[in-house]
Protein chains: 2
Amino acid sequence: MVGIGPGAPEDLSGRALEALRQAEVIVGYRPYIRLLEGVLSPEQEVIGSGMRQELERARLAVDLACSGRRVAVVSSGDAGVYGMAGPVLELLGKSGGRDRVEFQVVPGITAASAAAALLGAPLMHDFAVISLSDLLTPWEVILQRIEAAAKGDFVIVFYNPRSKKRVNQIGEAREVILKYRRPDTPVGIVTSVGRPGQMLVISDLNGFLSQEINMHSLVVVGNSRSYVRDGFLITPRGYRL
Amino acid sequence: MVGIGPGAPEDLSGRALEALRQAEVIVGYRPYIRLLEGVLSPEQEVIGSGMRQELERARLAVDLACSGRRVAVVSSGDAGVYGMAGPVLELLGKSGGRDRVEFQVVPGITAASAAAALLGAPLMHDFAVISLSDLLTPWEVILQRIEAAAKGDFVIVFYNPRSKKRVNQIGEAREVILKYRRPDTPVGIVTSVGRPGQMLVISDLNGFLSQEINMHSLVVVGNSRSYVRDGFLITPRGYRL
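Looking up chain A in an unreviewed UniProt entry gives the name Cobalt-precorrin-3B C(17)-methyltransferase CbiH, with the organism given as Thermacetogenium phaeum. Among the UniProt annotations of chain A, the heading Pathway (unreviewed entry) holds the following wording: "Cofactor biosynthesis; adenosylcobalamin biosynthesis."

See below:
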């Protein structure tokens, strides 16, 4: 399971690069495989598939590995954060393949870190990472998490804030957070981190919904002490400067 | 601000490597600089300092940059997660140096990702990152965060779980979490990720305090659905397998 970082080949770790080069077969979501052009060699077998086919990819990878092939399953960001490490490991356990297959997760720079780096220093204090996708999780559970994170004054990082079919979740999340935080709490939106079309906006809880937010965006909501200065979003760690 | 990942040079991204090579001066906590042996060249000026001297390092880096030098400030893991990005950016704003200095955060693989990769797939669902260090944050605030995260059924990653002087915080955290989670909730402890002496233990809320936990450890507490299989800690994402 190889985390390739947010997008640009320069964000790959040496370990990830080596794991990809050693693999006989590369399995992954097609757009992520395209990010690796120039890294993979023409002799390597590449199996790309479409959106929401995580389970099919995981099954294929487990089958290939059980048949003795060296497989790299590609995740963008970190393979361990909403990535492919989970489904592959779960399937491997279920299939009884654990005895036959050597398994390794190669971590990557997760989207939260990459987005934070562009915004300034929003994650300098405790933070919560929440996916707004309710495909696999009931919306009530997600809402409870948002409420808990807002109440606990965590900086909140929303993965999957919006898709073509899921439009209103981020607005509901905003309503919940506004019960606990000021309308001028800074909000950063980073879209397509490290990829063509990268966009960066710093707004606030009051106004951020009028900005472009899509399935390639990450939304970072500051805590009660976060502020914006010189165009950077900063959450103070508490040093007396 | 350069995040060098958890420890091993192989965890550096290509971008981080390039930033370090381009720097005239490298500033950082001495043990982190030692991890970079073999990466830095003898011509580069290296300024290492001791523990808890983050502010001194940040000031020095800002002064050097304002005087026209190209400076890399090194953080282990991700520079943006409890790292040096915050204090440097805050000081830069205060000193009025923002106009004269070009500033960039190069993200790295944060310790949570690196620890999770070794444990299996514990961060496959929403998680909260909490530092147990009360040097800069009142303990009551930290306790409230722990309570919120426990109540919200987040996987919880504790940074700085224990030091020589801070011994009891992790025990208090455990008490709070036990109000909301079963005693057999899995807990992973990873110490010195990617560095000499790396240690890995999977235990549970009931028993994990009897394990070695120190200032180089990260403690990962599963959510209500996390489980251990074949020696891996897994938080299911919700796929029907």
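That shown, we press on.
K.L.:
In this structure, what is going on with the sheet that holds strand β1 (residues 2-3) of chain B? I would like to understand it.
P.N.:
Hydrogen bonding along the main chain pairs the strands of a sheet, whether they run parallel or antiparallel. Residue and element names in this part refer to chain B. Here four strands make up an open sheet; going across it, the order is β1-β4-β2-β3 and the pairing parallel. Edge positions in the sheet fall to β1 and β3 (45-49), since each of these pairs with one other strand and no more. Sheet analysis places β1 next to strand β4 (residues 71-75), joined by two bridges and oriented parallel. Following the sheet pairing, Val2 is matched in β4 by Val74. Sheet strands touched by helix α3 (residues 54-66): β2 (25-29), β3 and β4. Its angle to β2, the strand with the most contacts, is close to 170°.

K.L.:
Whenever I open this one, the domain arrangement of chain A confuses me. Can you help?
P.N.:
The figure often quoted for interface size is the accessible area lost as the parts come together. All names here are of chain A. On domain assignment, one finds that chain A holds domain 1 (2-99) and domain 2 (111-234). Taking only C-alpha atoms into account, the centre of domain 1 sits 28 Å from that of domain 2. With eleven residues of domain 1 at the interface, the matching set in domain 2 holds eleven residues. Between domain 1 and domain 2, roughly 840 Å² of surface is buried when both sides are summed, and carbon and sulfur atoms account for 61% of that area. Its largest share of buried area at the contact with domain 2, domain 1 owes to Pro6, Arg52 and Tyr82, together 61% of the area lost on that side. Inspection of the region where domain 1 meets domain 2 yields zero salt bridges. Taken together, the connections running from domain 1 to domain 2 amount to four residue pairs in polar contact (both at pLDDT 80 or more).

K.L.:
How do you make sense of the interface of chain B and chain A when you look at a structure like this?
P.N.:
At the junction of the two partners, chain B supplies 67 residues and chain A supplies 67 residues. Summed over both partners, the interface of chain B with chain A comes to about 6200 Å²; 59% of that surface belongs to carbon and sulfur atoms. Where chain B packs against chain A, one counts eight salt bridges. Among the ionic pairs, Arg145 of chain A bridges to Asp126 of chain B, the shortest N-O distance being 2.8 Å.

K.L.:
Is there a simple way to think about the environment of Leu40 of chain A in this case?
P.N.:
Within the secondary structure layout, Leu40 of chain A lies in the loop between α2 (30-35) and β3 (45-49). On a C-alpha basis, the gap between Leu40 of chain A and Arg52 of chain A in space is 24 Å, while along the polypeptide they are twelve residues apart.

K.L.:
Even after reading the chapter, I still don't get the environment of Ile170 of chain B, so can you show me in this structure?
P.N.:
All names here are of chain B. Summarising the element assignment, Ile170 is placed in helix α7 (residues 169-178). According to the relative accessible area criterion, Ile170 is buried, its value standing at 0%. For the pair Ile170 and Leu209, spaced 39 residues apart in sequence, the C-alpha separation works out to 8.1 Å. Apart from the residues within four sequence positions on either side, Ile170 is in contact with Leu132, Phe158, Pro161, Arg162, Phe208, Leu209, Ile213 and Val219.

K.L.:
Would you explain the relation of the copies chain B and chain A in this entry?
P.N.:
Both copies of the chain are related by a screw-like operation: a rotation about an axis and a shift along it. Note on the copies: chain B fits chain A at an RMSD of 0.0 Å, the axial shift is 0.0 Å, and the rotation between them is 180°. On this basis, the relationship between the two copies can be described by a two-fold rotation axis.

K.L.:
Is there a simple way to explain the sheet that holds strand β5 (residues 120-121) of chain B in this structure?
P.N.:
Residues and elements named next belong to chain B. What the three strands build is an open sheet, ordered β5-β12-β11; its pairing is mixed. This sheet does not close on itself; its edge strands, each paired only once, are β5 and β11 (227-229). In the sheet, β11 pairs with strand β12 (residues 232-234) via three bridges, with the strands oriented antiparallel. Looking at β12, one finds that Arg229 is bridged to Phe232.

K.L.:
Whenever I open this one, the packing of helix α3 (residues 54-66) of chain A against helix α4 (residues 85-95) of chain A confuses me. Can you help?
P.N.:
Packed helix pairs are characterised by how far apart their axes lie and by the angle those axes make with each other. Residues and elements named next belong to chain A. It is at 9 Å that the axes of α3 and α4 come closest, and there the two elements cross at 50°. With respect to each other, α3 and α4 are oriented oblique. Crossing geometry of α3 relative to α4 is assigned as right-handed. Every residue of α4 that contacts α3 at Leu55, Ala58, Arg59 and Val62 is listed here: Pro87, Val88, Leu91, Leu92 and Ser95. Its residues placed into classes, the contact of α3 with α4 shows seven nonpolar, one polar and one charged.

The rules we used
Residues numbered from 1 in each chain as written. Chains lettered and ligands numbered in written order. Predicted model: local features only at pLDDT ≥ 70, side-chain atom pairs only at ≥ 80, totals over all residues. Heavy atoms only, no water. UniProt positions renumbered as here; feature names shortened; annotations may be inferred. Pairing = 2+ DSSP bridges. Helix = DSSP H or I, 4+ residues; strand = E, 2+ residues; numbered from the N terminus. Contact = heavy atoms within 4.5 Å. Axes fitted to C-alpha atoms, helices over the stretch in contact; angles between N-to-C directions. Domains from an automatic or database assignment. Buried area = accessible area lost by both parts, 1.4 Å probe. Salt bridge = Lys/Arg side-chain N within 4 Å of Asp/Glu carboxyl O. Polar contact = N/O pair within 3.5 Å; in protein donor to acceptor, adjacent residues only side chain to side chain. Buried < 20%, exposed > 50% of the residue type's maximum accessible area, 1.4 Å probe, protein only. Least-squares fit on C-alpha atoms with pLDDT ≥ 70 in both. Parallel < 35°, antiparallel > 145°, perpendicular 65-115°, else oblique. Left-handed = near helix turned anticlockwise from the far one by under 90°. Nonpolar A, V, L, I, M, F, W, Y, C, P; charged D, E, K, R; others polar.

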